[in-house]
Amino acid sequence: MKISLTYFLALAVAIAGSSCQKKNSGLFGDNDKLNDVNLNSISVTCPPTVLSGTYTSPLVLSTGNSYLLRGNVVISNTSITIPAGVVIYGESATNGALVILPNATINATGTSTNPIVFTSDKAPGTRAAGDWAGVYLLGQAPNNQSNALSILINGASYTAGGSTAASSVGTFKYAQIHYAGGGGGAGSDRKSESSFVMASLGSASDIEYVQVSESARDGIALFGGTVFPKHVMANKIRRTDFMVSYGFQGKGQYLAGVKSNATVNTTNASAYAMDISNVLLSESQTATPLTNGIFSNASFLGWEFCGVNVPNADAIVYQRNGNSSIYNSVISSFSQDALFLNGNNVIAHTSGSPELQFAYNSFHNIGSSPGYRDFKTIPWSGCSTDMTNWIEGLTSFGCEEQGNQFTVTTLGLPTGDVCVSCPNFPDFSLKTNTLQDPEFDLWDTGNAFDHPVYRGAFGSTAWFTNGWADTCPLSVDYCL
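Bear in mind that the values here come from a model prediction, so they are computed numbers and not experimental data.

Helix and strand counts for the protein come out as five helices and 30 strands. Burial analysis of the protein (480 residues in total) assigns 58% to the buried set. Contacts spanning at least 24 positions in sequence make up 70% of the contacts within the protein whose residues lie at least 6 apart. Carbon and sulfur atoms provide 50% of the accessible area of the protein, an area that totals close to 17,400 Å².

A separate point is the environment of phenylalanine 340. Mapped onto the elements of the fold, phenylalanine 340 is located in strand β27 (residues 339–342). Since its relative accessible area comes to 8%, phenylalanine 340 is described here as buried. Put simply, phenylalanine 340 and aspartate 374 are 34 residues apart on the chain and 5.6 Å apart in space, counted from C-alpha to C-alpha. Not counting residues up to four positions away in its chain, the partners in contact with phenylalanine 340 are Asp314, Ile316, Val317, Tyr318, Arg373, Asp374 and Phe375.

With that out of the way, let us pick up unusual backbone geometry. Proline 47 follows cysteine 46 through a cis peptide bond whose omega is 0°. Locating proline 47 in the fold gives a position in strand β3 (residues 45–55). Here threonine 288 and proline 289 are connected by a cis peptide whose omega angle stands at 0°. One can find proline 289 in the loop between β21 (274–276) and β22 (293–296). A positive phi angle, close to 50°, is found at asparagine 154, a residue other than glycine. Along the chain, asparagine 154 turns up in the loop between β12 (149–153) and β13 (156–160). Phi at asparagine 365 takes a positive value of approximately 55°, unusual for a residue other than glycine. Its location among the elements puts asparagine 365 in the loop between β29 (362–364) and β30 (372–375).

To continue, consider the pairing of strand β19 (residues 242–245). In β19, alternate side chains face the same way, and those of Phe242 and Val244 on one face and Met243 and Ser245 on the other are all buried. One ladder, built from four bridges, connects strand β17 (residues 218–223) with β19; its direction is parallel. Looking across to β19, one finds that isoleucine 220 is bridged to phenylalanine 242.

With respect to the helices and strands, the residue aspartate 275 is situated in strand β21. Overall, the relative accessible area of 2% leaves aspartate 275 in the buried class. Excluding residues within four positions of it along the chain, aspartate 275 makes contact with Thr240, Phe242, Met243, Val244, Val317, Gln319 and Arg320.

Side chains of β12 alternate between two faces, with Leu149, Ile151 and Ile153 buried and Ser150 and Leu152 left unburied. Judged from the five bridges that link them, β12 and β13 form a sheet pairing that is antiparallel. Following the sheet pairing, leucine 149 is matched in β13 by alanine 160. The antiparallel hairpin formed by β12 and β13 contains two residues in its connecting segment, where asparagine 154 sits at a positive phi of about 50°.

With that out of the way, let us pick up the nonpolar core. Core analysis: the biggest nonpolar cluster contains 77 residues, and Ile82, Leu98, Phe172, Phe196, Ile316 and Phe358 have the highest contact counts within it. No other element matches strand β5 (residues 65–75), which puts four residues into this core. Dropping the residues within four chain positions of it, leucine 98 is found in contact with Leu69, Val73, Ile75, Ile80, Ile82, Ile106, Phe118, Gly134, Val135 and Tyr136. Tyr174, Val408, Tyr454 and Trp463 belong to the second-largest nonpolar core, a separate cluster that totals 24 residues.

Moving on: the packing of aromatic side chains. This structure, assessed with the given rule, holds 25 aromatic pairs. Centre to centre, the rings of tyrosine 209 and tryptophan 468 are 5.9 Å apart; their planes meet at 80°, and the pair counts as edge-to-face. Linking tyrosine 209 in strand β16 (residues 206–213) with tryptophan 468 in the segment after α5 (415–418), this pair joins segments that are 259 residues apart in sequence. For the pair formed by tyrosine 209 and tryptophan 468, the shared burial category is buried. Grouped by ring-pair contacts, the aromatic residues Tyr174, Tyr209, Phe425, Phe428, Phe458, Trp463, Phe464 and Trp468 constitute a single cluster. Above the ring of phenylalanine 228, the side-chain terminus of lysine 230 is found at 5.1 Å from the ring centroid.

This model, assessed by the stated rule, comprises four disulfides. Two residues share a disulfide in this structure: cysteine 306 and cysteine 419, whose sulfurs sit 2.0 Å from each other. Classification of the bridge connecting cysteine 306 and cysteine 419 rests on its S-S torsion, roughly -80°, and on that basis the disulfide is left-handed. Pair noted here: cysteine 306 is in the loop between β23 (299–301) and β24 (316–319) and cysteine 419 is in the segment after α5, with a separation of 113 residues, a long-range link. Taking the relative accessible area as the measure of exposure, cysteine 306 reaches 25% and is therefore partly exposed.

Relative to the helices and strands, asparagine 433 is located in the segment after α5. We classify asparagine 433 as partly exposed; its relative accessible area is 28%. Taking the C-alpha atoms as reference points, asparagine 433 and threonine 409, separated by 24 residues in sequence, lie 7.9 Å from one another. Discounting residues that sit within four places of it in the chain, asparagine 433 has contacts with Thr410, Leu411 and Gly412. Reaching out from asparagine 433, the side chain makes a polar contact with the backbone oxygen of lysine 431 at a distance of 2.9 Å.

Let us now look at the pattern of salt bridges. If you walk through the whole model with that rule in mind, you get 16 salt bridges. Note that glutamate 193 is salt-bridged to arginine 239, the shortest N-O span being 2.6 Å. Placement of glutamate 193 in the loop between β14 (170–178) and β15 (194–199) and of arginine 239 in the loop between β18 (230–235) and β19 is noted, with a sequence separation of 46 residues between them. Looking at glutamate 193, the relative accessible area reads 12%, which means it is buried. Several salt bridges share partner residues, and in doing so they unite Arg190, Glu193, Arg217, Asp218 and Arg239 into one network.

Bringing the confidence of the model for the protein into the picture now. Averaged over all residues, the pLDDT of the protein equals 91, while 90% of them reach at least 70. Overall, residues 1–38 carries pLDDT values under 50, and its contacts beyond four positions in sequence, including any with other chains, amount to 38 contacts.

Calculation criteria
- Residues numbered from 1 in each chain as written.
- Predicted model: local features only at pLDDT ≥ 70, side-chain atom pairs only at ≥ 80, totals over all residues.
- Heavy atoms only, no water.
- Helix = DSSP H or I, 4+ residues; strand = E, 2+ residues; numbered from the N terminus.
- Buried < 20%, exposed > 50% of the residue type's maximum accessible area, 1.4 Å probe, protein only.
- Contact = heavy atoms within 4.5 Å.
- Areas by Shrake-Rupley, 256 points an atom, 1.4 Å probe, with all protein chains shown as cover.
- Pairing = 2+ DSSP bridges.
- Core = buried A, V, L, I, M, F, W, Y, C linked by side-chain atoms within 4.5 Å.
- Phe/Tyr/Trp six-rings, centres within 6.5 Å; stacked < 30°, edge-to-face > 60°.
- Lys NZ or Arg CZ within 6 Å of the ring centre and 35° of its normal.
- Disulfide = S-S within 2.5 Å.
- Polar contact = N/O pair within 3.5 Å; in protein donor to acceptor, adjacent residues only side chain to side chain.
- Salt bridge = Lys/Arg side-chain N within 4 Å of Asp/Glu carboxyl O.
- pLDDT = per-residue confidence, 0-100.

As structure tokens, then:
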């Protein structure tokens with residue numbers, strides 16, 4: 001058979017193209033294999049386009065491209081559009097940050113199979129918690145700092161707040177934020193130390209399907225505002241998963257905090273699943289409006305769940321005059337308590353107006369017995385005669401809590417499914433369990449919340465999936 005020179009040339013080109021094809025090899029081996037288990041299928045052009053300074057005209061990013069946040073990238077009096085399939089790197093050398101001012105909007109809309117990724121600009125395999133600052137969405141809804149909550153980021157001060165409770169910052173959904181939490185730089189404070197800050201966002205904002213992982217400090221902040229985020233995962237956060245403060249009046253459903261094997265940040269404040277306060281710093285603890293959020297179907301899994309011993313760890317703390325209501329939630333595997341009421345003014349809220357509600361929640365594998373405690377300097381000043389009678393509903397003052405379950409034998413989230421090593425993706429679908437039923441009719445009379453048939457953030461069909469989330473982002477090379 002006669003074979004032409006053209007054939008040989010074509011064959012040589014094909015072989016050369018195959019041998020030059022980029023392999024996403026990293027700490028866990030060839031990421032082509034990783035694609036079969038974790039997402040890691042986003043491919044973008046590199047090097048990234050540099051974003052820097054303040055934008056006052058519409059900024060529209062393009063699918064399939066990558067971008068670099070150099071220092072503070074500020075959107076002012078205009079909009080930014082981030083479509084699905086975009087990768088945005090936070091520059092570590094300049095503590096990159098994306099800041100949306102109250103007079104601006106964001107349309108960051110990934111999909112269930114093609115998310116938006118924010119991550120460190122460090123080389124695959126070398127990324128670390130705190131490589132960059134994070135994403136800051138500042139809105140026009142009220143807070144308790146005279147509607148002027150200041151946040152210092154890299155030496156620049158920005159102000160969140162306004163009088164429009166039903167305002168919208170736009171859309172932020174199907175997005176990953178990895179390796180942020182670097183804080184706001186010199187002179188900054190706790191207000192800028194979350195990877196994803198929602199400050200004074202209005203109720204018309206659309207925040208859903210967001211993953212924040214590997215934050216050096218806090219994970220997600222709800223500071224003032226009336227926003228209602230759903231399906232939000234904080235995993236491997238070094239300090240507190242969810243910060244709630246400065247007069248937050250919104251809601252939250254399907255919030256999950258999974259400590260996994262994250263190392264607790266022992267150089268700063270204690271690490272919690274949720275920290276609920278009225279203020280964070282030296283501001284007046286009686287500032288109004290008082291923090292008074294409503295949360296349902298949260299799941300908080302502590303370090304002990306995956307076999308990491310972190311002593312004296314609490315899940316949910318109310319402190320600095322904090323108040324909010326929590327229903328139908330699951331708290332598991334914290335070495336100390338599931339609930340800590342810290343302070344006389346917090347305890348007073350259990351019989352106050354608005355009243356602190358903690359009902360129809362389930363405790364699993366909590367280190368202390370009975371799994372809750374308070375700290376006070378005067379006799380119990382809240383509902384009933386003490387914390388036990390209040391939280392367990394043992395008296396008849398009319399303000400006691402109902403439906404709390406203090407011993408769950410089978411959680412329904414096997415450690416073999418959740419505590420998996422890379423490249424495997426955890427399975428957060430609820431299996432056979434002994435959780436009691438949820439309750440909605442007695443408190444959600446306006447049907448503001450979904451009414452699932454389970455307690456906690458996870459049901460039989462998982463929403464935290466490898467279609468849009470990624471639990472192994474360390475060594476992913478997103479570049480084509």
